[in-house]
Amino acid sequence: QVQLAESGGGLVQAGGSLRLSCAASGRTGTSSVMGWFRQPPGQERRFVAAVSRSGSNIRYADSVKGRFTISRDNAKNTVYLQMNSLKPEDTAVYNCAATTRGDAHYVATRSEGYDYWGQGTQVTVSS
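To start, this report covers the structure provided alongside it. (Residues numbered from 1 in each chain as written. Predicted model: local features only at pLDDT ≥ 70, side-chain atom pairs only at ≥ 80, totals over all residues. Heavy atoms only, no water.)

1. Concerning the packing of aromatic side chains
Phase 1: What the rule picks out here adds up to four aromatic pairs.
Phase 2: Here the aromatic rings of phenylalanine 37 and tyrosine 114 are separated by 5.4 Å at their centres, their planes lie at 80 degrees, and the arrangement is edge-to-face. Pair noted here: phenylalanine 37 is in strand 4 (residues 33-39) and tyrosine 114 is in the loop between strand 9 (92-99) and strand 10 (116-117), with a separation of 77 residues, a long-range link. The same class applies to phenylalanine 37 as to tyrosine 114, namely buried.
Phase 3: Taken together, a centroid distance of 6.2 Å and an interplanar angle of 65 degrees make the contact between tyrosine 114 and tryptophan 117 edge-to-face.
Phase 4: Taken together through their ring pairs, the aromatic side chains of Phe37, Phe47, Tyr114 and Trp117 make up a single cluster.
Phase 5: Above the face of the tryptophan 117 ring, arginine 45 is positioned so that its terminal group lies 3.8 Å from the ring centre. (Phe/Tyr/Trp six-rings, centres within 6.5 Å; stacked < 30°, edge-to-face > 60°. Helix = DSSP H or I, 4+ residues; strand = E, 2+ residues; numbered from the N terminus. Buried < 20%, exposed > 50% of the residue type's maximum accessible area, 1.4 Å probe, protein only. Lys NZ or Arg CZ within 6 Å of the ring centre and 35° of its normal.)

Rendered as structure tokens:
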């Protein structure tokens, strides 16, 4: 089992920045593929970014490329999502996800590829 706890959400003006954190705990917390997803109001959950166990393989949604950066600190069992140049359309509940599937370089970009989820943190970007 992997337990995930997100933090760092909040209200920010357009053009601003936020950094989300996701702390993983449990027996396999340090050996999980980690991803971020978001669910805007009234819409389906969407992929944002993911990083492999090794940290060498990273994927981003086209909508956040060049603005968001995912990273992980395995010593702290934590994954981060640095969000810069935020736009009102980035407003959503952001969820951290983890899976133990695949090898050291595996990443998943679909929600079906993850087995564990955090409760989410709200990010609101005002215009």
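2. Let's talk about the pattern of salt bridges
Phase 1: Applying the stated criterion to the full structure yields five salt bridges.
Phase 2: Close ionic contact of lysine 65 with aspartate 62 constitutes a salt bridge, the shortest N to O distance being 3.2 Å.
Phase 3: Residue class for aspartate 62 comes out exposed when judged on its relative accessible area of 65%.
Phase 4: Here glutamate 112 ties to arginine 110 by a salt bridge, and the two come within 3.6 Å at their closest N and O atoms. The pair formed by glutamate 112 and arginine 110 is uniform in burial state, with each residue classed as exposed.
Phase 5: Where salt bridges share partners, they join Arg38, Arg67 and Asp90 into one cluster. (Salt bridge = Lys/Arg side-chain N within 4 Å of Asp/Glu carboxyl O.)

Any functional reading would require information beyond the geometric quantities listed.
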